[in-house]
Each structure stands twice: as structure tokens, then as C-alpha cells.
Amino acid sequence: MSSGLASRLERRIKRLQGNALTGIASSHLSGGRNEEALHAAWRAADLFQKSGDQAGLSVALASAGNAPLLAGELPEARDCALQSLSVHSEGRVSALILLGSLSISAGDYSQAIHWYSESLKASLESKDLLGEAVALGGMAQAYRALGSFERSAEYLELRIAANRRPKRFENIADSTERRYGVIHDLIEVGCTLRPEDPKAGRSLAEALELAQASFHSRLQAEALLGMADMHIHLGELSKGHYCLAAASSILDHLNDPQDCRELLRIKGRLSRAAGDRDAAIRLFEQASEASRKAGSRTEEARDRTSLGELLIAAERYSEAQRELWTAMEICGRSFRELGSADDLKISLSQTYNQVFDLLQSALAAGGEYGKALEVSELNRARAFADLVAARTGENLPEDCDFDFARIQEFARASGSTLVEYSIVQGIPGAFGDLAHTRVLIWVVQPSGRLEFHSAPWSLLPERPRYCETEDEIHSPERLRGLGSAATRESSGTSLLLRWWHQHLIEPIAEFLPSACEATVVLILAEDLFKVPFPALCDQHGR
């Protein structure tokens, strides 16, 4: 055998070995064996490099990035993705999807949309059907994390359409898995859209029909649970009870503890919708205890949060606070331990935010205004730490101290009046009304005395929109113009300026200093950063 032929044969063998190792790496990754997956992927990359196969090397590098991603080692995963893109276009789809997943892990959902959009274009150009489906799923996930549920559902529907396209040379196993994926996505669409949207009901009904035709019991139960939840939200309690009973019958045969916990939750929501608050509390207590015994910390946090919400509505504030403090502790610990488990991290982040809101509501409704202020400050610090971690990869120290006594000490030492605003998602029963969102206002006077006021957010006509663009919002000229007497009298902003003064300043006006030279420190939240406070005026134009 000539040396040239032997060399070509050796390169061919190395490429085959590399392909096999890449497949083995994917198998290990699916089984949660990250170290084995990383080892196999790097062995494949080494073989491809030695054989001169740049296309295979690109794919192997993209595959190697998935293991550190799941382990939370984001810089290493990013390096693999960028190396893959620089080597060859063959691994472009996988590398771009990896960058999208990295952005979601870092909480940068807008950047994730960019990378998934690029991967979608690349997969369409290369006719990579699997890459197309994964990219569409990533887009849906990113939009859901941003709270754009309609857009998320649109991308899920596109993935459903992609998976329904006939595939050539497809084996039975792949065809069956694709059909199950369609059913799962239909359920996701139904649960993502608002219950009032007709598409939600149609998607769940179609999912149930396909699951029944496929004899897939679990998917049937999931579709029925989604339909039960939808009917409960719509107030159609008899239909909700029927779907719940049908799902319960199926899940009893499967005998899965996780399914039993989900049944308890939906029964709890059904009892709450029917007005039986005590029964709902008992059911969520059972779900919380079952989650604790199963060691499912994220589920326990969600169950305790729902239980805390019900206890606030029942005006059992001390019990609600106990449940919510525990939920906050679980969320904080789990959030740090999850690494880059994208779906869990997004879901837990939403629970974390809800816990902070509900705990502020429970403390304030129970008259513990200083503690509520401490929680508000803790939430701001957490949001800032998350932002720093997302942009720099550095984690800030966790031992933040927001004792109310220190806040009072600062007010006394600086001679300032501190005014802090917090927008929280409330619940029926808190503060004696049915407002679902509230503005909480704390005033810490230079003497250290604390005053508190809350108002339903629903009283406000709309979120603040005073300017045409973000540049104008931050324009000093615009703010000075809003503050001028001529503008206040002639512009269409006059009513809004008075409205915000009425709801944000007048309730606490008696606690603010009257001297012009006195210092007032405003600590704002969310959309209130867009309110031009210096330009606000009362009904007399002052």
C-alpha cells in the first residue's frame, strides 16, 4: 500500500471515529453525564483536527460547549461556540444555538433572540430541520421570559408547523418522537396564551385529540390539566372540574408522585375559584409538603408562594410571612445552584419576583412597614447583582445588610428625607380591596420616623408615556420644558403631570419638608423612573 493511500485511509478512520465520538457525546449529554460528554467531544475535536476535517471540528467544538453550559461554566461554553464559528460553517447552526442558550442563561433575553434568529436563518439555508425546530423553540423560550406570551406562542406554532412537514427517509422512532413533540408544543401554546384567547382552547383540544389517537396517557393528562386550568381562569368551574376528574383518573394509573402534586395544585386553584379558600389552603399545604418530601425545592418554592398568596387573601399575615420567607430562602439557594438550567431558571426567577412582591404586601398589610422596606431594598440589591453577573460574569457578595435601623441612621446622618416607591403585584384581600397591583410608598424623615402609604396601581390611567422616544425621556430640555408654567398650561401633558402628583406626591405631602433647600432622595422602581418628578404639579398648577 502506498504511503499516500495509507495516509488517506488513516484520515478517513479518524473522521469516522470523530463522528462516532460526537454521537457518543450527544448521548452522554442527554443522559446528564456532562463530564463524559465533554471528554468525548474533545476527543472527537482532536481526531477531526488531526484528520484535517474542519467541518467535523466545527461540529465537535459546538458539541463540546454544551457540557460547560449545563454546568454553569458560561465563559468556557462561549469560547467553544466562538471557536466553532471561526473554524467552519458546518457547525454554525449548533454554535449559534449555543450562544442563544448562553444569553438566556445570563438573563440577556434580547441577545438570545438575536442569536436564535441567526441560527434560524442558518438552519433554513442549510435545510437543517432539527436546527430549525430547536431555534424556534429557543425564540419561544426567550419571548416567554420577556413576558411576551403571544410572540412566544407564535414561535411555538411555527415549530409545530415545521415538525408537521413530511420528512423523507424517517424511521418510525423519529416519526413518533416528532408527533409527541407536536402534541407537547400544542399544550405549551394552550398554556402560554391568555385563557380568553380562542386559540388556547383550540390548541389544548387538538393536543388532547392527538394524544388520545397516539394512546399517550401522560400527554392526555397534561392536555386535560391545561384545559382544567383554562376553564378555572374563565370561571367555568363545572368544565374545569370535569377535566380535572378525567386527568385524575389517568394519573392514578400512572402513579407518578409528581403528577399527584400537580393534581393537588389544580384542585387548590379550583377550590380558590369556587370561593372555598380554606380548602385551597389545605390543598396547597399538602402540595408544599409533598414537594418538600420529594426533595423538589423549586416546586416547594412555588407551592409555598401560592400558599402565601392565599393566606394574605385570608388576612392571615403572620402565617403568610412564614411561608414566603421560606420560599425566598429556597429560591435564593436554588437560583445559585441551578447553573444554566434555562427553563428551570426562568421559571424560578418568576417565582422569586413574585415572592418579593407578596412578602412586601404581607408585611405592609400586617403593619410591619419597616420590614417591608427592608424586603424592597433586598429586591433591588438582588436585581442589581443579577445585572452585574449577566454583564460581567462576576457574582457580588450575598451578605447584604438592609436593616431598617441602618436606613434610619442614614436619614439622620445626612439630614435627608428618603422616599422609596415599590410596585408590587398584589392579591385580592390585601389592604381590604381587590387591587391586583399596588404602589407602596415609604417616607423616612430626617428624624428617622417612618410613614407609609399604598395605593392601587389600577387607579392610574396608564403607564407613563410622556415622550416619543427614549432619548426624549432622558432629555434635560424636555424635562425643563415640562416644568415650565407655559408648557404645563398649554401641553397635553398637563393632566398627566397632575394625575401623577395626585397619586405619588399628595398622599405623602404632609411628611415632606417644606423648606426649598431641604434634601429629598427619591428611590424609584420600574416605570416610575420615566416620571419627571420635578415637573409634577398640583391641581392649582404649583
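Preceding this paragraph is the structure being described.
Residues numbered from 1 in each chain as written. Predicted model: local features only at pLDDT ≥ 70, side-chain atom pairs only at ≥ 80, totals over all residues. Heavy atoms only, no water.

Here's the deal with the environment of F410
Working step 1: By the element assignment, F410 lies in helix 20 (residues 404-414).
Working step 2: Residue classification places F410 among the partly exposed positions, given a relative accessible area of 49%.
Working step 3: It is 8.7 Å that separates the C-alpha atoms of F410 and G448, two residues lying 38 residues apart in sequence. (Helix = DSSP H or I, 4+ residues; strand = E, 2+ residues; numbered from the N terminus. Buried < 20%, exposed > 50% of the residue type's maximum accessible area, 1.4 Å probe, protein only.)

Some remarks on the packing of aromatic side chains
Working step 1: Tallied over the entire structure, the rule returns three aromatic pairs.
Working step 2: A ring pair is formed by Y143 and Y155, whose centres lie 5.6 Å apart and whose planes are at 10°; its orientation type is stacked. Of this pair, Y143 sits in helix 8 (residues 129-145) while Y155 sits in helix 9 (residues 149-164), and the two are 12 residues apart along the sequence. Assigned by exposure class, Y143 and Y155 land together as buried.
Working step 3: Here the aromatic rings of Y369 and F452 are separated by 4.5 Å at their centres, their planes lie at 15°, and the arrangement is stacked. Of this pair, Y369 sits in helix 19 (residues 369-392) while F452 sits in strand 3 (residues 450-456), and the two are 83 residues apart along the sequence.
Working step 4: Exposure remark for Y369: the relative accessible area of 34% places this residue in the partly exposed category.
Working step 5: Among the aromatic residues, those joined into a cluster by ring pairs are Y369, W442 and F452. (Phe/Tyr/Trp six-rings, centres within 6.5 Å; stacked < 30°, edge-to-face > 60°.)

A look at the packing of helix 8 against helix 9
Working step 1: Interaxial distance between helix 8 and helix 9 falls to 7 Å at its minimum, and their mutual angle equals 165°. Accordingly, the angle class assigned to the pair helix 8 and helix 9 is roughly antiparallel. Crossing of helix 8 against helix 9: the hand is left-handed. Contacts from E132, A133, L136, G137, M139, A140, Y143 and R144 in helix 8 reach F149, R151, S152, Y155, L156, L158, R159, A162 and N163 in helix 9.
Working step 2: Of the residues contributing to the contact of helix 8 with helix 9, the split by class is 10 nonpolar, three polar and four charged. (Axes fitted to C-alpha atoms, helices over the stretch in contact; angles between N-to-C directions. Parallel < 35°, antiparallel > 145°, perpendicular 65-115°, else oblique. Left-handed = near helix turned anticlockwise from the far one by under 90°. Contact = heavy atoms within 4.5 Å. Nonpolar A, V, L, I, M, F, W, Y, C, P; charged D, E, K, R; others polar.)

A look at the pattern of salt bridges
Working step 1: This model, assessed by the stated rule, comprises 20 salt bridges.
Working step 2: Close ionic contact of E132 with R165 constitutes a salt bridge, the shortest N to O distance being 2.7 Å. Taken as a pair, E132 in helix 8 and R165 in the loop between helix 9 and helix 10 (172-192) lie far apart in primary sequence, 33 residues in all.
Working step 3: E132 gets classed as buried once you look at its relative accessible area, which sits at 8%. (Salt bridge = Lys/Arg side-chain N within 4 Å of Asp/Glu carboxyl O.)

Quick word on the side chain of Q360
Working step 1: Here Q360 shows up in helix 18 (residues 342-365).
Working step 2: Of note is the side chain of Q360, whose polar atom sits 2.8 Å from the side chain of S422.
Working step 3: With residues near it in sequence (within four places) discarded, Q360 still touches A372, V375, S376, N379, S422, V424, L440 and W442. (Polar contact = N/O pair within 3.5 Å; in protein donor to acceptor, adjacent residues only side chain to side chain.)

Structural notes on the nonpolar core
Working step 1: Judged by nonpolar contacts, the single largest core of 55 residues is most densely connected at I187, L225 and L244.
Working step 2: Counting residues per element, this core draws most heavily on helix 12 (residues 217-233), which supplies nine residues.
Working step 3: Not counting chain neighbours up to four residues away, the residues in contact with I187 comprise L204, A207, L219, E222 and A223. (Core = buried A, V, L, I, M, F, W, Y, C linked by side-chain atoms within 4.5 Å.)

Some remarks on the pairing of strand 3
Working step 1: Most of strand 3 sits out of view: five of its seven residues are buried.
Working step 2: With seven bridges joining them, strand 2 (residues 437-444) and strand 3 adopt antiparallel strand pairing. Considered in strand 3, the bridge of V439 is made with A455.
Working step 3: What sits between strand 2 and strand 3 in their antiparallel hairpin is a turn of five residues, with G448 showing a positive phi close to 95°. (Pairing = 2+ DSSP bridges.)

Comments concerning helix 15 (residues 277-294)
Working step 1: Taking 1.5 Å as the rise per residue, helix 15 with 18 residues should run 26 Å; its terminal C-alpha atoms sit 26 Å apart, in good agreement.
Working step 2: Buried within helix 15 we find A279, A280, I281, L283, F284, A287, S288 and S291.
Working step 3: Of the residues trailing helix 15, G295 is marked for its positive phi of about 75°. (Expected span 1.5 Å × (residues − 1).)

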